[in-house]
Each structure stands twice: as C-alpha cells, then as structure tokens.
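# Secondary and tertiary structure notes
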Amino acid sequence: MDKGKSNEDYNFKAVEEKWRKFWEKEGIYKFDSKSRKEIFSIDTPPPTVSGKMHIGHAFSYSQQDFIVRFKRMKGFNVFYPFGTDDNGVPTERLVEKVKKVRARDMTREKFIKLCMDFLKQELPKLIQDWKNIGISSDFKLYYSTISDYARKISQWSFLDLYKKGRLERRDAPSMWCPECQTGISQVEAKDKEEESTFNHIVFKVNGKDIIIATTRPELLPACVAVFYNTIDENYKKYKGKKARVPLFNFQVPIMEDERADPDKGTGIVMCCTFGDQTDMEWQRAYQLEIKEAITRDGRMTELAGKYKGMKINDARKAMLDDLKKAGLLVKQEKIKHFVNVHERCGTEIEFVKSKQWFVRYLDLKKEMLEWGSKLKWHPAYMKYRYDNWVNGLQWDWLISRQRYFGVPFPIWYCNKCHNVILADEKELPVDPLKDNPKGKCGKCGHNWFEPEKDVLDTWFTSSMTPRLAIELVSKKLQEKLFPMDLRPQSHDIITFWLFNTVIKSQLHYKKNPFRDVAVSGFVTLEGEKMSKSKGNIIEPQVVMDKFGADALRFWAAGSKLGEDINYEEKDVVAGKRFVIKILNAARFVFMNLKGKIEKPKKLHELDRLLLARINHIIKEATKSFESYEYARCKNDAVNFFWSIFTDNYLELVKRRVYSGTKEEKESAFYTLYHSLFTILKLMAPFTPFITEEIYHKHFKNHEKEESIHHCSWPDEFKIKEEKGDEEKFDLLLDVISKVRHEKSKNKKSVKAEIILTLEKEKINKLKDIIQDLKDVVNAKEIKEGDFKVEFV
C-alpha cells in the first residue's frame, strides 16, 4: 500500500479534543427520553473520589464502553448515566491528606463543608479523565452519592428496611478498625498473610503448669475462659477447674468445646473478648463475661493495668518481656498466618463491643444463591465468586460508620425510653444533628431526643445506584429502565457492590436490579498488582499523553472479560500503529475515489471474495459482541485490516484503480469504500476518536449520520456466496505470501518481475482471479508445474 503523506505528525491530542467537544456540543451520546427505540440501560459504576483515574479504571471502563457503543450502533436508545461515589472514608481520607487536617479535630459541620467545597473544586477534574478516555456516557445524566437526592434515596432505603423488620441495633461485638476508628462490615475485611509468633505461655491450675500458645498476649487481661476440644484426653482432667492468668493473677474457668482445635498450638486456647469470631461464639454460647482490653483507637484500657494507654504492638512487646522475666514464656516459634485487615487502610481488625446498626440477612442465604443464579454472568465462572461469598457469610451487614462525611441515619432516640424515632419520608433528606423529629415520642410521649451521630456505610448508598440513576428521568421512563440491562464492574467488588445491590433490590422491590453482569479483571505490572507502596504504578494520564486515548483503549480491548492483563507498553504502541495505519489506508483509498459510490452491476470476482470474507467477520463480530466477547471482535477486525485489507487487497486492487476498465473501477471503488467503512464501524467501539476523524474527513458527505457512533452496526453484504469462496481466497493469499517470501529470500524488490509456476489444480481454482494474482506479484507469465519463482 502506498503510504501517501506520512502521519507520524498525526496530532492525536488536537483530534481527541476536537471530537470530545463535538460529542458534547452535539449531544452525540445523549439519552433520548422521547425516542421509541428499545432502551439499553447500564448501571454505570460510580468511581470513588479518592484521587484521580487509575489504570484499572481506564481498563475496566473502556471495556464496558466497548459494549455500550456496540449497543448504540445496533439501534438501541442507550441510557448510560455517570455518577461519582463521593461519600464515606475514601473522600474523607483524601480531603484530610490534601488539606492536611484531621476530621476528628474539627466540628463535623466544618469538616463536611470542607469536603463539599473540595468536591466542588475537584470533581470536574476527575470526571474529565473519563471524558478524555472516550467514555460515551450522557454526562448530563449525572449523580453524586452525597447529593441531596442521593441522601434522600439512601435514607428512604433505611426507613423501608426498618419497617420491613430487616434492621436491628445491637450492643454487641463487631469488627472495628482502630486506624479509621469505625465499625466495618465483613465485606470490608480482607485476609492478609503476616509473620507472627506463637508464644507458649504458662497458666497455673492448682499450682501446676498448663501451656497455652497465643499470637496475641496483649489480650491476656481480656481472658474470660480456657477451652480444649471435647475429644482431647490430655486436658479432660482439668474440666470444671480454673486457670490462673499470668501477669494479671485472676482465674478463669476451663471448659471443653468442639470448636477448640486440638492440632493448633498446644491444643488448649484462651478465650478473650474478643480475639476472633470463635471467641464471640463462645461468649454467646456460655454467657461469659465481656472484658474490653482495647480502646477504639487501638490502645490498652484500664483493664490492662500498668500497660494502660499503650498501643497494641507496644503492649504485646512489654507483656512478652515481663513474661520472660517471670519465667512464664517457655517457647516462641515463628509462624505465618492470615489475619483480617481493613481493606481501606490495611490495619489489623479488632473486635469491639459497641452499639451498631445491622441489616439482618443471614437467614436469606438460600434465597441469595437463587437471586445470583437468575443473573447472566459474563464470564459465567464469576458467579462462583458470588456463591462462595454467600456460602461464607458469618455476619449480618454492619451499616454504622463512626465517621464524619457520609449519609446520616434518618433517626433519633427518645431520651426517656430510648425508643427509635424515624424521620418522616416527606422530610427527607434529614440531618439529625441539625433537624428535629416531628411531634413527640410515640411510645412515652416525651419530646427530648438524642440524634444518631453515626453515618451510613458508603456501600449502603452505593448499592442503590440503579435507583440513583433512573431517578434522573421521569417516573414513566423509570418503569422501562428497571431492572437495568447491564451491570459492568471489576471482579474485586462483586462482594461489595454487586452483592449488596442485589440484596437491597430484592428486599425493597422483590426483583433483581439488572439482568446481565459484565465483570472485568485487574491490571498488573510484571505479574504483580499495582500499588503505590510497590512503586509500580502506571498512570493512564501519562499513557494517553504519550500515545493517545485510542491506543490505550486498543490495549484494554486485548483482554477478555474477567481476565487480568499485564500492562506492556508494546501493546499500547500497537494501538498507536493501528491508528496511523488506518489513517494512511483511508488517505490512499480516497485519493482515488471521486464522486458518488454506486453499486456496480456486477462485482469483480476478487471483490466478491473480499466482501464474502467481510461478511464472515461481521457475522462473527456481531455474535461475539452480543455475548460481550468484544476482544474476539477486535482481534478479528484488526487481523482482517492488517493481513488482508492493507497487506493484500490494497495491493491487489491497484491496477484496476489506476488503469482498469470503467466496470473494473466501479467494482473496485465500491469494494474499497464499503470494506473500509465496515472496518471503521467494527473498530468504532474501540478507537472512537480516529474512526470519527476518518468518518468526517471521508465518509460523512456520502452518509446521513452526523457521527460514526450514530451509524448502524454493519450488516452483511447482499452478495452471492459460494461453497469454495473461503478456500479460494485463502489460496490466493497463500500464493502471494510464498512469492513475497521468495523475493525477500533472494533480496529482490517486491516489484521484481517474475515467471510463476503453479500446480494445475491451483491455477484452475484461481482462474477467475488469475489476472489479479499476476498484477500483484508482477508475474510476466504463470505456468503449470510445481511451485517455482523465476526472476526475469
């Protein structure tokens, strides 16, 4: 193919900015509320406001955008709103970091104002990242999870679940993050392997030693019992006796229970309130005393005596030193074990007794599995993550957060009888710290109230995104939008966002919130997950600045749904090469096309074979996209473009373009125009900027749509196809490839004139396109015989 003018100076930054402005000004991606077209609705993931777009965002959102753009070209009226998840811990911590403040050192009202001012300033910058990468949302359909109407919906959700008997306030042990100083739910705890030490400590029973191994000696002051397994004969003699706790010199009962692991440590364990889930089960089962040794900010309480006020790790070290001095630490062994940490900050979780609100749902595990089975999972194996999460649930959903910036609970408590006072739905949203309930306590008639100071878990609000989205349009349209068609998201938040959204939708509306789920994977660097602590971060802004958004999207399309992908710059470079190549190809094609492109009375045989091959690509690409297998469509289209269209067809057609008969030119021009236009359409979901540029430069005068993204997805060409078409076309390409190889091997120009010898059978198969073969390989003559290339 002739290169024509070099496009190394292609200014992708100017081109991308031009089309972003055009799309926004012309409302190219606007949802048409008056259209009668079938709607395709997306429950768009609202990115967390915790900084700027990261490479995982660019990867995941590009993949969902491929699907959205395909659906739009298939004629759907696409409902693709955009939201930001800007309440809760991530935003709090970002504001604290940027503004160099601590929420706990300010009044709540002052800190909330600081957060709101920060969001007003920063949100446009954050959202611009998504626009820059070509996300085709209707950005005028925007919601924020801290806006008035979002708080109203979240508070309505609380009231509705309360009235349905699904909410409980319990004074009970729950997971607690000492760093963030808030209760957390099971989904926010993750396992982390850490090095630790099994400390073999001496307890006394009637003056005799029993050895208990523990990794947490700092919990000695909170020890309330000692347990061994019912089948362990070694300790049965101690049943009913008491053990004296070292350093603190009080006694606790020795009991047997099948939950004690005889193979762990020494086989006998201390029960402390609270070290883990088993400790809590034992406390409830045997009505043991509750002792609190650790404060909410991760320090020792008065119960710890001289260790009071120490941080947990400092207290652990000090107690171990004192145990050694007293001869009560007889052995230490290094181990690796998994501990629960808070996924937000990585701090080891404690279990603290406090009053917290819970969504009660452990009784629904069977139904949860049924709800998950009704969703169409892409890829299908991602359902196992949902099922495994449900089967492993041990806790109801803790929704209280002892934080500052979030959606307030819409409740007060009666100061006299402690009755819960619910906000009036008509008054939502409310802030109990500022607002007062209407009337008196319905239980005792008292009119003094205590506001709930906690805020709702951010996932309690985010799990209402389908409702947050559809509330942006009229009530009449909402019925058509719910349930939504698609929930796209990454696999790491199946247990956070997807699970909770399904639960809330079923509890509120008795239906699933969406039909399809498209799950994307992670981005790694040299096989490792990216993190700031490892210093292996790739910023999409830097990549786009160097290579362009189309190139980055091209890279993202190289991975199937659900698959993790390793970031390699060469894959982005391949995207940039494609952009330059298709620009050059378009320039070459239209350098020779003049006037209106008419369908010829008869297609040249080579052109018919090419269009037949394109029909196969269209059919497979459509099938792939319908099942969200966009990567297959991209690969097929790109392979066709490189290996057939540019490497072969553009060379094969040159003679007819330059010096063919009128009929030959008509067929060539028709095929060039429509094959390139088809490639452009197939690639439009992946590389929206360059395809828009080429469409406007070369196609718009011949087509009616104002944007390629409003053009219809390609239909198969209405041509006569024959049984041997694929074999014939492949044979042609194979012969050309072999001739080129011989010329290269002999260091000859591709234009070198030759005499080609081919088997009779192959000549007969290629008889209708033998002249095209002669033209492209510059054969003076084609003879019968074994394959041979002779240079003239």
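Going by the structure above, here's the rest.
Residues numbered from 1 in each chain as written. Predicted model: local features only at pLDDT ≥ 70, side-chain atom pairs only at ≥ 80, totals over all residues. Heavy atoms only, no water.

Another point: the overall build of the protein. Each helix and strand counted, the protein has 24 helices and 29 strands in total. Each of the three principal axes of the protein carries a C-alpha extent, and together these read 110 × 65 × 45 Å. Summarising the internal contacts of the protein: among those between residues at least 6 apart in sequence, 78% fall at separations of at least 24. As presented, the protein carries roughly 36200 Å² of accessible surface, and 47% of it is formed by carbon and sulfur atoms. The protein carries 141 positive and 120 negative side-chain charges, and their two centres are separated by 2 Å. (Helix = DSSP H or I, 4+ residues; strand = E, 2+ residues; numbered from the N terminus. Contact = heavy atoms within 4.5 Å. Areas by Shrake-Rupley, 256 points an atom, 1.4 Å probe, with all protein chains shown as cover. Lys, Arg positive; Asp, Glu negative; His and termini not counted. Charge placed at Lys NZ, Arg CZ, Asp CG, Glu CD.)

This part takes up the packing of helix α8 (residues 365-373) against helix α9 (residues 383-391). Closest axis-to-axis distance for the α8/α9 pair is 10 Å, and the angle between their directions is 175°. It follows from the interaxial angle that α8 and α9 lie roughly antiparallel. Counted together, Lys365, Met368, Leu369, Trp371, Gly372 and Ser373 of α8 and Lys383, Tyr386, Asp387, Val390 and Asn391 of α9 form the full contact between these two elements. (Axes fitted to C-alpha atoms, helices over the stretch in contact; angles between N-to-C directions. Parallel < 35°, antiparallel > 145°, perpendicular 65-115°, else oblique.)

Pairing is antiparallel in the open sheet, where 3 strands are placed in the order β19-β18-β20. Either end of the sheet is taken by a strand with one partner, and the two such strands are β19 (420-422) and β20 (449-451). Each strand axis lies, on average, 35° off the axis of its neighbour in the sheet, ignoring direction. Relative to β20, strand β18 (residues 411-414) runs antiparallel, the two sharing 3 bridges. Within the sheet, the bridge partner assigned to Cys414 lies in β20 and is Phe449. (Pairing = 2+ DSSP bridges.)

This part covers the packing of aromatic side chains. In the structure shown here, the tally under the stated rule is 48 aromatic pairs. Relative to Phe22, the ring of Trp19 has its centre 5.3 Å away and its plane inclined at 90°; by these criteria the two rings are edge-to-face. Here the residue Trp19 and the residue Phe22 both occupy positions in helix α1 (residues 12-26), the gap between them amounting to 3 residues, near one helical turn. The same class applies to Trp19 as to Phe22, namely buried. Relative to Tyr567, the ring of Trp555 has its centre 5.4 Å away and its plane inclined at 70°; by these criteria the two rings are edge-to-face. Taken together, the residues Trp555 in helix α15 (residues 549-556) and Tyr567 in the loop between β26 (565-566) and α16 (569-592) connect sequence positions 12 residues apart. Residue Trp555 is classed as buried on the basis of its relative accessible area of 2%. Taken together through their ring pairs, the aromatic side chains of Tyr361, Trp377, Tyr386, Trp389, Trp397, Phe460 and Phe499 make up a single cluster. Positioned over the ring face of Phe139 is Lys131, at 5.2 Å from the centre of the ring. Above the face of the Phe460 ring, Lys504 is positioned so that its terminal group lies 3.8 Å from the ring centre. (Phe/Tyr/Trp six-rings, centres within 6.5 Å; stacked < 30°, edge-to-face > 60°. Buried < 20%, exposed > 50% of the residue type's maximum accessible area, 1.4 Å probe, protein only. Lys NZ or Arg CZ within 6 Å of the ring centre and 35° of its normal.)

A few words on the side chain of Lys291. Within the fold, Lys291 resides in the loop between α6 (277-286) and α7 (312-325). One buried charged residue, Lys291, remains without a salt bridge, the closest side chain of opposite sign being Glu289 at 4.4 Å. In contact with Lys291, not counting residues within four places along its chain, are Pro221, Ala222, Cys223, Val224, Phe250, Thr273 and Leu303. (Salt bridge = Lys/Arg side-chain N within 4 Å of Asp/Glu carboxyl O.)

Mapped onto the elements, Glu256 comes out in strand β11 (residues 251-256). Here Lys239 takes part through its side chain, which lies 3.3 Å from a polar atom of the side chain of Glu256. For Glu256, the residues in contact, after removing those within four places along its chain, are Phe227, Tyr228, Thr230, Lys236, Lys239 and Tyr286. (Polar contact = N/O pair within 3.5 Å; in protein donor to acceptor, adjacent residues only side chain to side chain.)

For the rest of this paragraph, the subject is unusual backbone geometry. Residue Phe274 is reached from Thr273 by a cis peptide bond, and omega for that bond is 0°. Relative to the assigned elements, Phe274 resides in the loop between β12 (268-272) and α6. In this model, Leu428 is joined to Pro429 through a cis peptide bond whose omega is 0°. The phi torsion at Gln287 lies on the positive side, around 50°, for a residue other than glycine. Among the secondary structure elements, Gln287 is positioned in the loop between α6 and α7. Positive phi, close to 55°, is recorded for Glu526, a residue that is not glycine. Its place among the elements puts Glu526 in the loop between β24 (523-525) and β25 (528-529). The class for Glu526 is exposed, based on a relative accessible area of 75%.

Buried together is how nonpolar side chains tend to be arranged in soluble globular proteins. Counting 140 residues, the largest nonpolar core has Trp555, Phe645, Leu756 and Leu773 as the members making the most contacts within it. Here this core takes 12 residues from helix α18 (residues 630-652), the largest share from any one element. Among all residues touching Leu773, those that are not within four sequence positions of it are Leu732, Val735, Ile736, Leu756, Leu758, Leu766 and Ile782. (Core = buried A, V, L, I, M, F, W, Y, C linked by side-chain atoms within 4.5 Å.)

Turning to the sheet that holds strand β29 (residues 788-791), a few remarks are in order. As summarised here, the arrangement of the 3 strands in space is β28-β27-β29, forming an open sheet in which the pairing is mixed. In the strand order of this sheet, the two ends are held by β28 (779-784) and β29, each with one partner. The average undirected angle you get between the axes of adjacent strands in this sheet is 20°. Alignment of strand β27 (residues 754-758) against β29, held across 4 bridges, turns out to be antiparallel.

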